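Coordinate analysis (summary)
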Amino acid sequence: MHLTVLLREATEALVTAPSGFYVDGTFGRGGHSRAVLDCLAEDGRLLGVDKDPVAISHARDLAA
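Residues numbered from 1 in each chain as written. Predicted model: local features only at pLDDT ≥ 70, side-chain atom pairs only at ≥ 80, totals over all residues. Heavy atoms only, no water.

**What to know about the confidence of the model for the protein**
For the protein, per-residue confidence averages 91 on the pLDDT scale, and residues scoring 70 or more make up 98% of the total. At the low end of the mean pLDDT range in the protein sits helix α3 (residues 53-63), at 89; at the high end sits strand β1 (residues 21-24), at 96. (pLDDT = per-residue confidence, 0-100. Helix = DSSP H or I, 4+ residues; strand = E, 2+ residues; numbered from the N terminus.)

**Focus: the pairing of strand β2 (residues 45-48)**
When β1 meets β2, the two strands line up parallel, connected through four bridges. The partner of aspartate 24 across the bridge, within β2, is glycine 48. The β-α-β motif built from β1, the intervening helix α2 (residues 31-39) and the parallel element β2 has right-handed crossover chirality. (Pairing = 2+ DSSP bridges. Right-handed = clockwise from strand over helix to strand, strands pointing away.)

**Some points on the environment of aspartate 50**
Assignment of secondary structure puts aspartate 50 in the loop between β2 and α3. According to the relative accessible area criterion, aspartate 50 is partly exposed, its value standing at 23%. Separated by 21 residues in the primary sequence, aspartate 50 and arginine 29 have C-alpha atoms spaced 9.7 Å apart. The residues contacting aspartate 50, other than those within four sequence positions of it, are Thr26, Phe27, Gly28, Ala55 and Ile56. There is a polar contact of 2.7 Å between the side chain of aspartate 50 and the backbone nitrogen of glycine 28. (Buried < 20%, exposed > 50% of the residue type's maximum accessible area, 1.4 Å probe, protein only. Contact = heavy atoms within 4.5 Å. Polar contact = N/O pair within 3.5 Å; in protein donor to acceptor, adjacent residues only side chain to side chain.)

**Focus on the pattern of salt bridges**
In this structure the tally under the stated criterion is two salt bridges. We note a salt bridge from arginine 8 to glutamate 9, for which the minimum N-O separation is 3.2 Å. Of the charged contacts, one joins arginine 8 and glutamate 12 as a salt bridge, the two residues approaching to 3.5 Å between their closest N and O atoms. A residue pair is termed a helical-turn pair when its members lie 3 or 4 positions apart in one helix, as arginine 8 and glutamate 12 do in helix α1 (residues 7-14) at four residues. One exposure class covers both arginine 8 and glutamate 12, and it is exposed. A cluster of three or more residues bridged by salt bridges with shared partners is formed by Arg8, Glu9 and Glu12. (Salt bridge = Lys/Arg side-chain N within 4 Å of Asp/Glu carboxyl O.)

Here's what the structure looks like:
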């Protein structure tokens, strides 16, 4: 089990423009991505990237 640490702090520091474009280069299971998405406006965008095939499969399941 993975525990996301400093989630609120990381999200507050990262999301400086709710309409901005952001990249999560270590998507994993999407914990930080979900938090970033919660901070974005309707026109904000997030691209999740990961090399791990299990993480990619998990991301596809979430998007479905």
